[in-house]
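What follows is each chain in one-letter form.
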Amino acid sequence: MYIYELPFEINKELCRLLDIEDYWKELAGNHMKYSAFDVNDIEQTARRFSMSPTNQLFTRWGQLNHRAEELFILLYRMKHIPALNCLAPAVNKDFHKLLNKHKNSSSAKAACHTALVQDKSPQKTDGSFSSIPLPVMLMEKVDGVQQPTSSIHNGTAPSPYETSSDISKDSSTGGRANNDEYEIMKRVSSIPKMSYEELKEATDNWSNNNLLGRGGFGQVFKGEWKHLPVAVKRLQRENDGRNKELIAEMCLNQYRHDNILPLYGYCLGGPEACLVYQLMAGGSLEQRLRGKTHHPPLTWSQRYNIAHGVARGLQFLHTMAGTPLIHGDIKPANILLDQCLMPKIGDFGLARKGPYGEDRTHLKVSRVFGTRPYLPYEYLSTRCLSPAVDVYSYGVVMVEMATVLLALDRDRKVQLLSQHIHEIAKLGIDPATLEDPVIRGTAYSNPSMCREFFSIGLHCTKFKRNERPTMLEVFKRLNAFQTPQANFT
């Protein structure tokens, strides 16, 4: 049964239950993964038409052809027993076992978990799991399995998601492979799975002519899949972290945004794991700044639009309902441009969940990941992870866009650009003298914009974390720019 087919009385009672104390907001933000902006829009629309906000949420969610069973699982995760009781008549009886888990004793719950783990194949009888959509089956099975906790043993490197609090937990019931499998199963249901052979064909057998780039993760190839231009990231066969990168990218897939590179699909069936993305015809910001493409130099208008788009994407990640997501590796190489030069943040293999709750400013992680010239001291030295890490990296990128100076230059007296710009500021040197030499002194020069970019870079790279702006503040500052029209484009 689809959400829009719910009987009137069930829908009415669910709305009453979830309107109480705004439980619908927890359902929408934490479980349906709507952004804070979407939740606010739902609330405002409901208020405008004097209707239940839960009903408005169901209307929007139901338009995506979600089923009552999927809603039942989300309510189960919320542990909202009255709502589960209300919805139970509208779902397959096999799902009632989830409701019983909340009602029964802890021993009964354990027995139910064991039964679910042992039942690995879908039943074939009428009204069984075989008639339930795949995403629902996967979610139900995942919730029935107790997730093992990761830990560090014998010097094994932790997952990028692992924090110091994770390390202190016991890991007596499972290995890292099981944990990866658990996460992949949980996230994979909504992402298309592709065969290795069709990706091999799409890239002309991984032809060097289609090679777009390479790094520590593996290689990226240009290809055409079902008449669609794509970029295929082929992860190194010997890379032990390939599943972790897959998990990170799949986790991100639920956060759709104009300035986040969309994941088209994945492949786990071949010699190497692969991730498939939209092909970005404009290349990377790194390539454009360093003149590594046939394109002309970026104008100030284009640089501003790129800075604005990246700030918009980062503030979205940092302000999502629940726990913020920290990218952890913001740099020009990971900012990709489409044919209209709209920026999209890519490479979320190092992304981690940030501190949860307004009273927590940071968390301690077990290991530092990222590119050193773009990372702040508190992260490198004391492993304090917070959204301020991305803010710092963004500040370095802003100065690179304005000056094209290298983030790390061993021939420079102060090698790190983040430190170099503060020395320049102390000396009172006009940042406009450092404008990209390709446009400095030409009709396309814009000293005032160069100073603005430099100023934001200084603010974002402050030594103390609490003195840096949030990405929302940066975004608002960019919005307020009085951009001169003459010579701006």
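Residues numbered from 1 in each chain as written. Predicted model: local features only at pLDDT ≥ 70, side-chain atom pairs only at ≥ 80, totals over all residues. Heavy atoms only, no water.

Formally: UniProt positions are given in the numbering used here, feature names are shortened, and annotations may be inferred rather than shown by experiment.
Looking up the protein in an unreviewed UniProt entry gives the name non-specific serine/threonine protein kinase, with the organism given as Arctia plantaginis. Taken directly from UniProt, the Sequence similarities (unreviewed entry) text for the protein runs: "Belongs to the protein kinase superfamily. TKL Ser/Thr protein kinase family. Pelle subfamily."

1. Details of the overall build of the protein
Inclusion rule: Numbering of helices and strands runs from the N terminus, with a helix taken as a DSSP run of H or I at least four residues long and a strand as a DSSP run of E at least two residues long. Burial status follows relative accessibility: with a 1.4 Å probe on protein chains alone, a residue under 20% of its type maximum counts as buried, one over 50% as exposed, and anything between as partly exposed. We call two residues in contact when some of their heavy atoms are within 4.5 Å. Each accessible area is a Shrake-Rupley estimate made with a 1.4 Å probe; only the visible protein chains count as cover when residues are assessed.
Along the backbone of the protein there are 20 helices and 11 strands. Buried positions account for 51% of the 489 residues belonging to the protein. Taking the contacts inside the protein whose residues are at least 6 apart along the sequence as the reference set, 64% of them involve residues at least 24 apart. Looking at the protein as shown, the accessible area adds up to about 23,400 Å², and 50% of this sits on carbon and sulfur atoms.

2. Re the packing of helix α3 (residues 36–48) against helix α4 (residues 53–62)
Filter applied, for reference: Interaxial angle, 0 to 180 degrees, is taken between N-to-C directions of lines fitted to C-alpha atoms, where a helix line uses only the stretch in contact. Roughly parallel refers to an angle under 35 degrees, roughly antiparallel to one over 145, roughly perpendicular to one between 65 and 115, and oblique to any angle outside these ranges. Definitions for this section: a left-handed crossing has its near helix turned counterclockwise from the far helix by less than a right angle. A right-handed crossing has that turn clockwise. Residue polarity is assigned by list, with Asp, Glu, Lys and Arg as charged and Ala, Val, Leu, Ile, Met, Phe, Trp, Tyr, Cys and Pro as nonpolar; anything else, Gly included, falls into the polar class.
Packing of α3 against α4 leaves a shortest axis separation of 8 Å and a crossing angle of 120 degrees. If you check the angle between α3 and α4, you find them oblique. As for the relative orientation of α3 and α4, their crossing is right-handed in sense. On α4, the residues touching Asp 38, Asp 41, Ile 42, Thr 45 and Ala 46 of α3 are Pro 53, Gln 56, Leu 57 and Arg 60. When the residues that make up the contact of α3 with α4 are grouped by side-chain class, the tally is four nonpolar, two polar and three charged.

3. Regarding the environment of Leu 27
Along the polypeptide, Leu 27 turns up in helix α2 (residues 23–31). On the basis of relative accessibility, which here comes to 0%, the residue Leu 27 falls in the buried class. With 44 residues separating them in the primary sequence, Leu 27 and Leu 71 have C-alpha atoms 9.3 Å apart. Apart from residues no more than four positions distant in its own chain, Leu 27 is found in contact with Leu 18, Met 32, Leu 57, Phe 58, Leu 71, Leu 74, Leu 75 and Met 78.

4. A few points about the layout of surface pockets
Applicable threshold: Residues are called lining when one of their atoms sits within 4 Å of a cavity or pocket point, these points coming from a 1 Å grid over the protein atoms alone, where a cavity is a set in which a 1.4 Å probe fits but cannot get out and a pocket is an open set with protein on both sides within 12 Å along at least five of seven lines. Grid points are joined across faces, edges and corners, and a volume is the space filled by probe spheres set on the points.
Looking at the second largest pocket, its volume works out to about 950 Å³. Along its surface, the second largest pocket is lined by 35 residues, and Phe 217, Val 220, Ala 333, Asn 334 and Leu 336 are the ones closest to its centre. When contributions to the lining of the second largest pocket are tallied by element, the ones reaching two or more residues are β1 (211–214), β2 (218–225), β3 (228–235), β5 (274–278) and α14 (285–289). Top element by residues in the lining of the second largest pocket is β1. It accounts for three residues. The class makeup of the residues in the lining of the second largest pocket is 13 nonpolar, 13 polar and nine charged.

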